[in-house]
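Fold and contact review
What follows is the residue order along each chain.
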Amino acid sequence: MNYLEPVTPSGQELVKTGTKGVAALVVGGALLLLRGVGGIFGIVLGGALVVFGSTVSAKADTTDDRLGGLVSTAAGALTILASLPVVGGIASFLMGLGGFSLAVYGGLEMFRFFRGARRRK
């Protein structure tokens, strides 16, 4: 009989899944925290994130590092926009939506990581 056996993930797949999960949880939480920052502090913090993200993207060797820098740059730009009174509401909503979505994605990836780690035992 052809029974389906659960596939055990390799060590590299587990590391990749765990890294994605932790990174998505951290970035999602950071977006939710940055959403509440406003005024001049939000503009300065957003500017620092833009500079940091663009530096990381420019000096990155791998595609994952470039993507991380791009996400950091986008988070900084959204923080700056959320601090401005004219478009702050729309940017704040997008930051909340993005932060919540990333946190859910990170939670799902962590679930996959722990499930895969348990199968490898």
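Residues numbered from 1 in each chain as written. Predicted model: local features only at pLDDT ≥ 70, side-chain atom pairs only at ≥ 80, totals over all residues. Heavy atoms only, no water.

**Regarding helix α2 (residues 39-59)**
Every α-helical turn comprises 3.6 residues, leaving residues that sit three or four positions apart pointing alike. An ideal rise of 1.5 Å per residue puts 30 Å on 21 residues; α2 measures up with 31 Å between its terminal C-alpha atoms. Of all the residues in α2, the buried ones are Gly42, Gly46 and Gly53. An end-on view of α2 places all buried positions within 30° of arc, on one side of the element. Looking at α2, the residues exposed on the side facing more than 90 degrees away from the buried face are Ile40, Phe41, Val44, Val51, Phe52, Ala58 and Lys59. Elements that come into contact with the buried residues of α2 comprise α3 (63-83). (Helix = DSSP H or I, 4+ residues; strand = E, 2+ residues; numbered from the N terminus. Expected span 1.5 Å × (residues − 1). Buried < 20%, exposed > 50% of the residue type's maximum accessible area, 1.4 Å probe, protein only. Arc of directions from axis to C-beta. Contact = heavy atoms within 4.5 Å.)

**Examining a nonpolar patch on the surface**
Residues Ile40, Phe41, Ile43, Val44, Leu81, Leu84, Val86 and Val87 make up a contiguous nonpolar surface patch of about 740 Å² in total accessible area. Tallying contributions element by element places α2 first for the nonpolar patch, with four residues. One can find Phe41 in helix α2. For Phe41, a relative accessible area of 54% puts it in the exposed group. (Patch = residues over 30% accessible without salt bridge, like charges linked within 9 Å, V, L, I, M, F, W, Y side chains within 5 Å. Areas by Shrake-Rupley, 256 points an atom, 1.4 Å probe, with all protein chains shown as cover. Salt bridge = Lys/Arg side-chain N within 4 Å of Asp/Glu carboxyl O.)

**Description of a positive patch on the surface**
On the surface, Arg115, Arg118, Arg119 and Lys121 cluster together into a patch of positive charge. One can find Arg119 in helix α4 (residues 88-120). (Lys, Arg positive; Asp, Glu negative; His and termini not counted. Charge placed at Lys NZ, Arg CZ, Asp CG, Glu CD.)

**Points about the layout of surface pockets**
Quantified by volume, the largest pocket comes out at close to 640 Å³. Taken together, 22 residues make up the lining of the largest pocket; nearest its centre are Ala23, Val27, Asp64, Gly68 and Val71. When residues of the lining of the largest pocket are traced back to their parent elements, those giving at least two are α1 (11-35), α2, α3 and α4. Considering every element that reaches the lining of the largest pocket, the biggest residue donor is α1, with nine residues. (1 Å grid on protein atoms, 1.4 Å probe; cavity = no way out; pocket = protein on both sides within 12 Å on 5 of 7 lines; lining within 4 Å. Points joined across faces, edges and corners; volume = space filled by probe spheres on them.)

**Concerning the nonpolar core**
Counting six residues, the largest nonpolar core consists of Leu31, Leu34, Ala75, Ala82, Ala91 and Met95. Contributing elements (two or more residues each) for this core: α1, α3 and α4. Ignoring sequence-local partners within four residues, the contact set of Leu34 consists of Leu45, Leu49, Thr79 and Met95. (Core = buried A, V, L, I, M, F, W, Y, C linked by side-chain atoms within 4.5 Å.)

**A few points about the pattern of salt bridges**
For the coordinates displayed, the defined rule picks out one salt bridge. For Glu109, the salt bridge goes to Arg112, with nearest N and O atoms at 2.9 Å. Note that Glu109 and Arg112 are positioned in helix α4 at a spacing of three residues, about one turn of the helix. Look at Glu109 and you get buried, because its relative accessible area is 6%.

**Some thoughts on α4**
Taking 1.5 Å of rise per residue, 33 residues should cover 48 Å, and α4 covers 47 Å from first to last C-alpha, within 8% of that figure. By the burial criterion, the buried members of α4 are Gly88, Ala91, Ser92, Met95, Gly96, Gly99, Gly106, Glu109, Met110 and Gly116. Taken together, the buried residues of α4 touch α1 and α3.

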